[in-house]
Amino acid sequence: MTLLDLWLSRSIPMCLLLQSLVLMALCFPSASMCPKGCICQRADPHLHGLNVTCSQSRLKEIPPGLPVDTVLLRLDHNQIGAVPDRAFHGLRLLRELNLSHNAVETLGEGAFSGVEATLQVLDLSHNRITSVHKDAFARLKARVIVDDNPWHCDCALQQALGGMAHNHEAAARVLCRSSELRDQEGRSFLAVDTDLCNLAKRTTDYAMLVTMFGWFAMVISYVVYYVRQNQEDARRHLEYLKSLPSKPKKPDEADDISTVV
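Residues numbered from 1 in each chain as written. Predicted model: local features only at pLDDT ≥ 70, side-chain atom pairs only at ≥ 80, totals over all residues. Heavy atoms only, no water.

Q: Kindly report on unusual backbone geometry, identifying the contributing residues and their values.
A: Located in the positive-phi region is Arg86, a residue other than glycine, with phi close to 60°. Relative to the elements of secondary structure, Arg86 occurs in the loop between strand E3 (70-74) and strand E4 (96-98). Taking relative accessible area as the criterion, Arg86 reaches 48% and is therefore assigned partly exposed. A positive phi angle, near 55°, is found at His101, a position not held by glycine. Positionally, His101 belongs in the loop between E4 and strand E5 (106-107). Residue His101 is classed as partly exposed on the basis of its relative accessible area of 31%. (Helix = DSSP H or I, 4+ residues; strand = E, 2+ residues; numbered from the N terminus. Buried < 20%, exposed > 50% of the residue type's maximum accessible area, 1.4 Å probe, protein only.)

Q: Please set out the pattern of salt bridges residue by residue, giving values where relevant.
A: According to the stated counting rule, one finds four salt bridges in the structure shown. Of the charged contacts, one joins Lys134 and Asp135 as a salt bridge, the two residues approaching to 3.1 Å between their closest N and O atoms. Accessibility expressed as a relative area gives 22% for Asp135, which makes it partly exposed. (Salt bridge = Lys/Arg side-chain N within 4 Å of Asp/Glu carboxyl O.)

This is the structure we're talking about:
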């Protein structure tokens, strides 16, 4: 065996080992890159991006330090109660976000800030969402799943669903647990054919009108009371003057009258 053969026989296993290590590094990123309670994997070593799975990890908030190259993020079946503004900012490759089966109650204007352009699927089903900011979904192009939430159908929700690219499908799955209109409770959001924003404005105008009428009635009542009180005081004063004894005439005045006669 020549020296070249010997070198090749030792180099080939080393190259195979290096290739295996590189492949493992691509498929299974370092644990320091992955949040606690999550699993980070590359579905395809030839594609750029990570699948981050944090399902059933008893999480109570969005985990910090999510990899910036996350493509799919599963946060379902946890105890997450809120989605802070800009919670996913920086995840510029995020295409699918699963937040189903959590305890989210409301969504702010910037909950999905930074992922509007790339996000394709957003699952918010089976939460406790009652209300959202009117612009929570305004710039999203994703298909949003929002069924099985105790929605309160009001002006903000009507504006939020109206501004979504796939609003018809989302709205069809929204059931009004409560509503500005009592006869809409328990019915589909699509059954609400009333402009709830104008309804709220009319309600506000009516409340202002009632308030103004109340103040006006109070002022009139005060004026009437004031006039009647003055009349009563004047009547009493007149009766007092009448009750005073007449002033007696002096003797000199009586003599002068007799002389004249």
